[in-house]
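Chain by chain, the residues:
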Amino acid sequence: MKPILKLITLGLFLLGCTPEESTSADDRIRGVMADSAMVVTTHPLASQVGLDILAKGGNSFDAAVAVHFALAVVFPEAGNVGGGGFAVIRTEKGELASLDFREKAPLSAGRDMYLDSSGDVISGMSRLGHLASGVPGSVAGMWELHQKYGSLPWESLVEPSIKLAEEGFLITDLGANNINGALDFIAQATQYSPWILKEGGWSEGDSVIQEELASTLKKIGSKGRDGFYLGETADLIVAEMTRGKGLITATDLEKYEAIWRDPIIGEYRGHKIISMPPPSSGGVALLQLLKGAEQFDIKSLGHNTSKTLHILTELERRVYADRATYLGDPDFVDVPVAMLVSEAYNRNRNASIDLSQKTASQDIKEGSVDVIESTQTTHYSIVDSKGNAIAVTTTLNGYFGCKVMVEGAGFFLNNEMDDFSAKPGVPNMFGLIGNEANAIAPEKRMLSSMTPTIIEKDQKLFMVNGTPGGSTIITTLFQTTMNVIDHEMTMQEAVNAKRIHSQWLPDSIYIEPDALPDSVVLGLEALGHGISSRQRNMGKVNAILAYPEGQLEGAADYTRGDGTALGY
Ligand code: DON
């Protein structure tokens, strides 16, 4: 059969421009502009699948389901059926909701499962191999989303991804590099020889056909949730766990449920921020950061100046210290959400910010951690012609999760167990530390930083936003939000702008390659900050801005990946 390569067809053809060309008369860089609907994902083929569903009369939620399964095929690094995620929703009528389809610890998981007999963390155990996987939530999440908000038949939404898996697609340069970088780990973790372990590695333009994944998707297409959590697919997952001495059982799969939660809501300079509540730390942390930023005149301090970045860093280190202490799965621990996002708490917390020098992280709270590693997650944003909006962030955690592909089922399992705190004060792969609130317990959801977010202005849809990036997700959302609201950037300018990140510990400001001129770096150093230049970019934002006149601007992070905005 012939591989499909429908690269960026409809949307950009209709609109006749690429984002970097769309500098208008006012000299602003804009993303893809459209009058009715927009899909922004991290892969052109997934964006096309979403656009096709909208063009057939599906709503944003139908498109999200179709995009989710398409990403599992064309972006197996992070797109998934073996992972989980979160969705934030705003319907055309202004109804708000958030859906938690985060993975859970298996029933037989235990607090100290990654510690040796001396109580030390066994390196790599929560990241590579069968024991690293939480119980997947994605299929239950998509099923629940469709049950509540879908309009087209479920099967028709899974069908495009079955086609992509069966007929194949041509891999991008980035996709080939991502797979090649993980091959040794996949070989180590997987106990058979799946298609992905190709002799000599992958090159741009190679065709990828995934028959086993197609057969899993067919079961999901015909049986819905039960096509994954019961029957043959469940049997294959359990058999894989038995072979690799993992923990997930048939009961774990059968019991998994996605949960509707009240989104976390706050204000920022006259905008309503709607984001993901715990077990994500993202919404709480974003609101805390914005509350803090509101105390300063960020606009006149300027974008990426040393004064502004000093303030952002000081806010971030306090918020990440709170994250480590207070945040966890609300079904297991009391998370003081209302207190953390309150005006009074944040004013008091930030009163110690000194504009003439940094506060050392050690003075905020004790601890010491390693550097942050960058891996992979993915975010998609969709708005349909009626104004229904959805922001979904989904992940396997690391690239290709725990690197175990389920034999016979053709998909990777996550390594989300690493998002728990394996031991108080010991960092996870993002250098994040945690305490009791995020300790491992059977059926508990591990704390996340994923921050799918929708913003309203004047009771109307204003922005749909989100990104991958582990611990940098929250600060990337913080910066893109301020870029638009304070610095009056277009969505594309806000996405393109260089990013920095700090997270309390390590006590340093991380900057993207060539992010800041020497003068700004010197200014920050003069205030006492240590600067660490990162080799890699931070995040891959996929966002949509709704203009008051009704136009939509779709901004993919195309300078940092294969992201593609398509609209009509
Ligand atoms: O839930 C979390 O916060 C992490 N598992 C997200 C991982 C991630 O974003 C990796 N991507 N760059």
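What you are looking at is a predicted structure, and each value in this text was computed from that prediction instead of being measured. (Residues numbered from 1 in each chain as written. Predicted model: local features only at pLDDT ≥ 70, side-chain atom pairs only at ≥ 80, totals over all residues. Heavy atoms only, no water.)

1. Observations concerning the sheet that holds strand β11 (residues 389-395)
Remark on secondary structure: sheet strands pair via backbone hydrogen bonds, oriented parallel or antiparallel. The sheet built from seven strands is open, its strands ordered β7-β4-β3-β11-β10-β2-β19 with antiparallel pairing. Two strands lie at the open edges of the sheet, namely β7 (259-261) and β19 (564-567), each paired on one side alone. Strand-to-strand twist of the sheet, defined as the mean angle between neighbouring strand axes without regard to direction, takes the value 15°. With six bridges joining them, strand β10 (residues 378-383) and β11 adopt antiparallel strand pairing. (Pairing = 2+ DSSP bridges. Helix = DSSP H or I, 4+ residues; strand = E, 2+ residues; numbered from the N terminus. Axes fitted to C-alpha atoms, helices over the stretch in contact; angles between N-to-C directions.)

2. With respect to the site of the ligand
Not every one of the 16 residues close to the ligand is listed here, only the nearest: Thr377, Glu416, Asp419, Ser448 and Ser449. Ser448 is positioned such that a nitrogen or oxygen atom in its side chain is 2.6 Å from an oxygen atom of the ligand. Within the backbone of Gly470, one N or O atom sits 2.7 Å away from an oxygen atom of the ligand. Within the complex, 98% of the 340 Å² of free accessible area of the ligand lies under protein. Among the residues making up the shell around the ligand, the classes are represented as four nonpolar, nine polar and three charged. (Near = heavy atom within 4 Å. Polar contact = N/O pair within 3.5 Å; in protein donor to acceptor, adjacent residues only side chain to side chain. Areas by Shrake-Rupley, 256 points an atom, 1.4 Å probe, with all protein chains shown as cover. Nonpolar A, V, L, I, M, F, W, Y, C, P; charged D, E, K, R; others polar.)

3. Observations regarding the pattern of salt bridges
Under the definition given, this model contains 32 salt bridges. In this structure, the salt-bridge partner of Lys218 is Glu166, at a minimum N-O distance of 2.5 Å. On the criterion of sequence distance, the pair formed by Lys218 in helix α7 (residues 211-223) and Glu166 in helix α5 (residues 154-167) is long-range, its members being 52 residues apart. For Lys218, a relative accessible area of 39% gives the class partly exposed. (Salt bridge = Lys/Arg side-chain N within 4 Å of Asp/Glu carboxyl O. Buried < 20%, exposed > 50% of the residue type's maximum accessible area, 1.4 Å probe, protein only.)

4. Some points on the pairing of strand β2 (residues 38-41)
Successive side chains on a regular strand alternate, one facing one side of the sheet and the next facing the other. Alternating positions in β2 separate into two faces, Met38 and Val40 on one and Val39 and Thr41 on the other, with burial throughout. As paired strands, β2 and β10 are joined by three bridges and run antiparallel to one another. Note that in β10 the partner of Met38 across the bridge is Val383. Pairing analysis gives four bridges linking β2 to β19, with the strands arranged antiparallel. Residue pairing in the sheet places Val40 in a bridge with Ala565 of β19.

5. Re the environment of Phe430
Among the secondary structure elements, Phe430 is positioned in the loop between β11 and β12 (453-457). You can call Phe430 buried: its relative accessible area is 4%. In the structure, Phe430 is positioned 40 residues away from Gly470 in sequence and 6.2 Å away in space, judged by C-alpha atoms.

6. What about the packing of helix α11 (residues 282-293) against helix α13 (residues 306-326)?
Closest axis-to-axis distance for the α11/α13 pair is 10 Å, and the angle between their directions is 150°. Handedness of the α11/α13 crossing: right-handed. Residues Ala285, Gln288, Leu289, Gly292 and Ala293 of α11 touch α13, and the partners they reach there are Leu315, Glu316, Val319 and Asp322. Of the residues in the contact of α11 with α13, the class split is five nonpolar, two polar and two charged. (Left-handed = near helix turned anticlockwise from the far one by under 90°. Contact = heavy atoms within 4.5 Å.)

7. Some remarks on the nonpolar core
Grouped together as the largest cluster of nonpolar side chains are 85 residues, with contacts concentrated most on Phe478, Met491 and Leu516. Ranked by residue count, the leading element in this core is α13, at eight residues. Setting aside chain neighbours within four positions, we find Leu516 in contact with Asn304, Leu309, Ile500, Ile511, Val521 and Leu524. Judged by nonpolar contacts, the second largest core, of 83 residues, contains Phe69, Leu71, Trp202 and Phe412. (Core = buried A, V, L, I, M, F, W, Y, C linked by side-chain atoms within 4.5 Å.)

8. Considerations on helix α17 (residues 472-485)
Since one α-helical turn is 3.6 residues long, residues separated by three or four positions face the same way. Spanning 14 residues, α17 covers 20 Å between terminal C-alpha atoms, matching the ideal 20 Å at 1.5 Å per step. The element α17 is extensively covered by neighbouring structure, given that 14 of its 14 residues are classed as buried. (Expected span 1.5 Å × (residues − 1).)

9. Re the sheet that holds strand β8 (residues 264-268)
Reading across from one edge, β1-β18-β17-β13-β12-β9-β8 is the order of the seven strands in this open sheet, with antiparallel pairing throughout. Where the open sheet ends on each side, the last strands, each with one partner, are β1 (32-34) and β8. Here the strands of the sheet are splayed against their neighbours by 20° on average, with no regard to which way each runs. Here β12 runs beside strand β13 (residues 460-465); their pairing, made up of five bridges, is antiparallel. Bridge pairing in β13 links Ile455 to Met463. In the packing of α11 onto the sheet, contacts are made with β8, β9 (271-275) and β12, and the angle to β8 comes to roughly 15°. Against the sheet, α17 contacts β8, β9, β12, β13 and β17 (542-546), and its axis sits at roughly 140° relative to β13.

10. Notes on unusual backbone geometry
Glycine aside, residues mostly have negative phi, and peptide bonds are mostly found in the trans state. Along the chain, Pro278 connects to Pro279 via a cis peptide bond; the corresponding omega equals 20°. For Pro279, the position within the fold is in the loop between β9 and α11. Here the bond from Leu505 into Pro506 is cis, since omega is 0°, no more than 30 degrees from zero. Residue placement: Pro506 occurs in the loop between β14 (500-501) and β15 (509-511). The phi dihedral of Asp27 is positive, around 70°, even though this residue is not glycine. Within the secondary structure, Asp27 is located in the loop between α1 (10-15) and β1.

11. Side note on the confidence of the model for the protein chain
A residue-level look at the protein chain finds 94% of positions with pLDDT of 70 or above and a mean pLDDT of 93. Across the protein chain, the secondary-structure element scoring lowest on mean pLDDT is α1, at 37, and the one scoring highest is helix α4 (residues 138-149), at 99. Every residue in residues 1-18 scores below 50 in pLDDT, and together they form 39 contacts with partners more than four places removed in sequence or on other chains. Segment residues 366-373 is flagged for pLDDT under 50; beyond a separation of four residues in sequence, or across chains, it makes 29 contacts in the model. (pLDDT = per-residue confidence, 0-100.)

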